[in-house]
Amino acid sequence: MIQPLAYIHPQAKIADNVVIEPFVTIHKDVEIGEGTWIGSNSVIMDGARIGKNCRIFPGAVVSAPPQDLKYKGEPSTVTIGDNTVIRECVTLNRGTALDKNTTTIGSNCLLMAYVHVAHDCMIGDNVIIANSVQLAGHINVYDYAFIGGGSLVHQFVEIGAHSMISGGSLVRKDVPPFTKAGREPVSYIGINSVGIRRRGFSSEKINEIQEIYRVIFLKKYNITKALDIIEAEFNPTVERDEIINFVQNSQRGIMKGFGI
């Protein structure tokens, strides 16, 4: 269903059962998967790769050129996975040749109204980003993360899987997986026990994660010492190794424990 008041470039690739409402603009180098709905007054620009059964609400701008002075007009993309919802007035900028050359939004995500995702960001699957969150360039947000409304995230920050950031946060440091972050400056305020329990983590696994983060954030060790203790005293598990690898590979450094 394509409304006659929409503009669609004749070379855009539109799959079956796509609904395009009036006053939508779709540029040339665009691909849209089956069953997707594009709301009125949305603009889908060159480089957009949109999956199946997505919903893009009025006023959204997908695959706009990066707001980066180093960008010289090179071809690049925004890729959106299946079943993702992009709410009103969300802006998604495509990648640059100096980094990934693409901005990626995973499957089953929800980006609420007025979210901005800058160039070369990587958003995993099942991520929720609440209203008016602003992501600078080169940010990685891993699966099942939640970012509270009005938060501002510094470029190159990493936000770990299953983490939760409270609304209105200024996120300047990396947020490790399974944690809750809040206060100012953004700090560790516990693990995201409610979220991970909803996703099937056992009480034993939740306790293991909590004990690991007690060593990192509450025992007042430096990071190197804390990781040595974790490797020595905790049996190898997927979650233990994920935490260790995240902290070891952090380029900006991880957030502090509250009061440290």
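For the structure, see preceding data.
Predicted, not measured: the structure shown is a model, and the values here were computed from it.

So, how was this worked out
- Residues numbered from 1 in each chain as written.
- Predicted model: local features only at pLDDT ≥ 70, side-chain atom pairs only at ≥ 80, totals over all residues.
- Heavy atoms only, no water.
- Helix = DSSP H or I, 4+ residues; strand = E, 2+ residues; numbered from the N terminus.
- Rg over C-alpha atoms; globule rule 2.2 N^0.38 Å.
- Buried < 20%, exposed > 50% of the residue type's maximum accessible area, 1.4 Å probe, protein only.
- Contact = heavy atoms within 4.5 Å.
- Areas by Shrake-Rupley, 256 points an atom, 1.4 Å probe, with all protein chains shown as cover.
- Lys, Arg positive; Asp, Glu negative; His and termini not counted.
- Charge placed at Lys NZ, Arg CZ, Asp CG, Glu CD.
- Pairing = 2+ DSSP bridges.
- Axes fitted to C-alpha atoms, helices over the stretch in contact; angles between N-to-C directions.

Helix and strand counts for the protein chain come out as four helices and 28 strands. Relative to the compact-globule value of 18 Å for 260 residues, the protein chain shows a C-alpha radius of gyration of 20 Å, a close match. With the principal axes as the frame, the protein chain shows a C-alpha extent of 65 × 40 × 30 Å. By residue count, 49% of the 260 residues in the protein chain fall in the buried class. For the protein chain, long-range pairs separated by at least 24 residues make up 32% of all intrachain contacts whose partners lie at least 6 apart in sequence. If you sum the accessible surface of the protein chain, you get close to 12,000 Å²; carbon and sulfur atoms cover 52% of it. In the protein chain, 25 positive and 26 negative side-chain charges are present, and the distance between their average locations comes to 7 Å.

Position of Glu242 relative to the elements: it lies in helix H4 (residues 238-248). When the C-alpha atoms of Glu242 and Gly160 are compared, they prove to be 9.3 Å apart, with 82 residues separating the residues in sequence. In this view, Glu242 contacts Ala161, Pro177 and Phe178; residues no more than four positions away in its chain are not counted.

All right, on to the sheet that holds strand E4 (residues 25-26) then. Ordered in space as E1-E4-E7-E10-E13-E16-E19-E22-E25, the nine strands form an open sheet in which the pairing is parallel. This sheet does not close on itself; its edge strands, each paired only once, are strand E1 (7-8) and strand E25 (170-171). Of the pairings in the sheet, the one linking strand E10 (residues 61-64) to strand E13 (residues 91-93) comprises three bridges and is parallel in character. Among the inter-strand pairings, Val62 is bridged to a residue of E13, identified as Leu92.

Reading across the sheet, the eleven strands line up as E3-E6-E9-E12-E15-E18-E21-E24-E26-E27-E28 and stay open at both edges, with mixed pairing between neighbours. Looking at the sheet topology across the chains shown, the edges are occupied by strand E3 (19-20) and strand E28 (256-257). Relative to strand E12 (residues 85-86), strand E9 (residues 55-56) runs parallel, the two sharing two bridges. Counterpart to Arg55 in the pairing with E12 is Val85. Against the sheet, helix H2 (residues 203-218) contacts strand E26 (179-182), strand E27 (187-191) and E28, and its axis sits at roughly 155° relative to E27.

Sheet analysis places strand E24 (residues 164-165) next to E26, joined by two bridges and oriented parallel. Opposite Ile165, over in E26, you have Ala181 as the bridge partner. Turn length for the E26-E27 hairpin, with the two strands adjacent in sequence and antiparallel, is four residues, and the turn residue Arg183 shows positive phi of about 65°.

The subject of this paragraph is the pairing of E10. Relative to E10, strand E7 (residues 43-44) is paired through two bridges, and the arrangement is parallel. Note on E10: the bridge partner recorded for Val43 is Val61.

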